[in-house]
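Residues per chain, in single letters:
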Amino acid sequence: MKNYVDIIIPAYNPGTFLDEAIQSALDQTHKNINIIVIDDNSTEDVESIVKKYKNIKYIRNEKNLGPAASRNIGIKSSDAPFVSLLDADDIWYAHKLELSLNSFDKNSEAGMTCGNYQVLLNRRGLSKPFYSRPVEITWEKMMRQNFVASGSTTIRREVLESVALFDEDLWISEDYDCWIKISEENKIEYIHTPLYKYSVIPRGDSLTNSSNILKDQDSNIAKIRDKSKERMRNKLLLKKLMV
């Protein structure tokens, strides 16, 4: 169980892209994995796609709950010591988990790993690696910019549980909120080798592409940062009181 990884794939009307995402998980050089697909009440038949593969857990939400709740359902239904996130239209490179777990082995204090990636535009054009040089990820830097791409992450389960998983009230930037909380108390290790292909399909049918959700992004980010500043101030005050 030491290096067992739960792979969480939330899916909302993913189409045939889900096949490629699942296959990229199955093709990992690190084989101690458990794959969970959470169908967020899609209008498409997601179950028939999942059932083509052996030993993949399928969960269907009774109503559309959003990405945070779907991820949480998958995380709570599993128990491996590491959790790795994969969106239903993204594609991991085969070394993704192996490099991530190697990073944990080298850095026992790390609570989470993440890394470089390439943008896959309209399933055709593949960009250069997003970061041209390695990135040092700290809370201070994360408060200015999100350096963590969800599909590149692998997280210790106890670290995820310590921040109460993903905030289900947020339908966008819920991942940034989680990374900020993790960075307040934990070291985040960056891997410069590209770990996955991040699929971008303008005007696509994904839930977070809808205009009524996108409009909340800026306000959500501002609230996330304000709450984080408050938590950090309170922690500093507590330390002073304990001296």
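Residues numbered from 1 in each chain as written. Predicted model: local features only at pLDDT ≥ 70, side-chain atom pairs only at ≥ 80, totals over all residues. Heavy atoms only, no water.

*Asks:* Explain the pairing of strand 4 (residues 82-85) to me, please; I cannot follow it from the model alone.
*Replies:* Walk down a regular strand and you will see the side chains alternate between the two sheet faces. Alternating positions in strand 4 separate into two faces, F82 and S84 on one and V83 and L85 on the other, with burial throughout. Examined bridge by bridge, strand 1 (residues 5-11) and strand 4 share four bridges and lie parallel to one another. Across the sheet, D6 pairs through a bridge with V83, a residue of strand 4. Taken together, the three bridges between strand 4 and strand 8 (residues 154-156) define a ladder with antiparallel strand orientation. Across the sheet, the residue bridging to V83 is I155, located in strand 8. (Buried < 20%, exposed > 50% of the residue type's maximum accessible area, 1.4 Å probe, protein only. Helix = DSSP H or I, 4+ residues; strand = E, 2+ residues; numbered from the N terminus. Pairing = 2+ DSSP bridges.)

*Asks:* For this particular structure, what's the right way to read the layout of surface pockets?
*Replies:* In this approach, a probe sized like a water molecule rolls over the atoms, and the result shows the empty space that is left. Computed from the structure, the second largest pocket encloses a volume of approximately 160 Å³. Every residue along the wall of the second largest pocket is listed here: V135, E136, I137, T138, W139, S183, N186, K187, I188, E189 and Y190. With four residues, the single largest contributor to the lining of the second largest pocket is strand 9 (residues 187-200). Considering only residue class, the lining of the second largest pocket consists of five nonpolar, three polar and three charged. (1 Å grid on protein atoms, 1.4 Å probe; cavity = no way out; pocket = protein on both sides within 12 Å on 5 of 7 lines; lining within 4 Å. Points joined across faces, edges and corners; volume = space filled by probe spheres on them. Nonpolar A, V, L, I, M, F, W, Y, C, P; charged D, E, K, R; others polar.)

*Asks:* Would you take a moment to explain the side chain of R156 for this structure?
*Replies:* Within the secondary structure, R156 is located in strand 8. It turns out R156 is buried and unbridged, and the closest side chain with the opposite charge, E158, is 4.8 Å from it. Reaching out from R156, the side chain makes a polar contact with the backbone oxygen of S108 at a distance of 3.4 Å. In this structure R156 touches P81, F82, F104, N107, S108, A110 and G111, once residues within four positions along its chain are discounted. (Lys, Arg positive; Asp, Glu negative; His and termini not counted. Salt bridge = Lys/Arg side-chain N within 4 Å of Asp/Glu carboxyl O. Polar contact = N/O pair within 3.5 Å; in protein donor to acceptor, adjacent residues only side chain to side chain. Contact = heavy atoms within 4.5 Å.)

*Asks:* Which parts of the structure should I look at to understand the environment of A21?
*Replies:* You can see A21 is positioned in helix 1 (residues 17-26). Here the alpha-carbon distance between A21 and S77, two residues 56 residues apart in the chain, equals 20 Å. Discounting residues that sit within four places of it in the chain, A21 has contacts with L86, D87, A88 and D90.

*Asks:* For this particular structure, what's the right way to read the packing of helix 7 (residues 174-185) against helix 9 (residues 217-242)?
*Replies:* The angle between the axes and the distance between the axes are what describe a pair of packed helices. The contact between helix 7 and helix 9 brings their axes to 10 Å, and the two run at 20°. The pairing of helix 7 with helix 9 is recorded here as roughly parallel in orientation. Judged by the twist between their axes, the crossing of helix 7 over helix 9 is right-handed. Listed contacts from helix 9 to Y176, D177, I180, K181, E184 and E185 of helix 7 are I221, I224, R225, S228, R231, M232 and K235. Residue classes in the contact of helix 7 with helix 9 are distributed as five nonpolar, one polar and seven charged. (Axes fitted to C-alpha atoms, helices over the stretch in contact; angles between N-to-C directions. Parallel < 35°, antiparallel > 145°, perpendicular 65-115°, else oblique. Left-handed = near helix turned anticlockwise from the far one by under 90°.)

*Asks:* Please clarify how the nonpolar core should be interpreted in this entry.
*Replies:* One recurring pattern in soluble globular proteins: nonpolar side chains tend to sit buried together. Counting residues in each nonpolar core, the largest one holds 62 residues, and the members touching the most others are I7, I9, L18, V37, I137, W179 and I182. Setting aside its immediate chain neighbours within four residues, I7 contacts A25, I33, N34, I35, I36, S84, L86, W92 and L97. (Core = buried A, V, L, I, M, F, W, Y, C linked by side-chain atoms within 4.5 Å.)

*Asks:* Looking at this model, I keep getting lost on the packing of aromatic side chains. Mind explaining?
*Replies:* Two descriptors summarise a pair of aromatic rings, namely the distance from one centre to the other and the angle between the planes of the rings. Using the criterion set out here, one finds 10 aromatic pairs in the structure. When the ring of Y117 is compared with that of Y131, the centres are 6.5 Å apart and the planes differ by 85°; the resulting orientation is edge-to-face. Within this pair, whereas Y117 is found in strand 6 (residues 110-121), its partner Y131 is found in the loop between strand 7 (125-126) and helix 5 (139-142), the two being separated by 14 residues in sequence. A relative accessible area of 10% means that Y117 is categorised as buried. According to the relative accessible area criterion, Y131 is buried, its value standing at 10%. Measuring from centroid to centroid gives 6.0 Å for Y117 and Y198, while their planes differ by 90°, and the two rings are edge-to-face. With Y117 in strand 6 and Y198 in strand 9, the pair connects residues that are 81 residues apart, well separated along the chain. Assessed through its relative accessible area of 34%, Y198 is described here as partly exposed. A connected cluster of aromatic rings, assembled from ring pairs, spans Y117, F130, Y131, F147, Y190, Y196 and Y198. (Phe/Tyr/Trp six-rings, centres within 6.5 Å; stacked < 30°, edge-to-face > 60°.)

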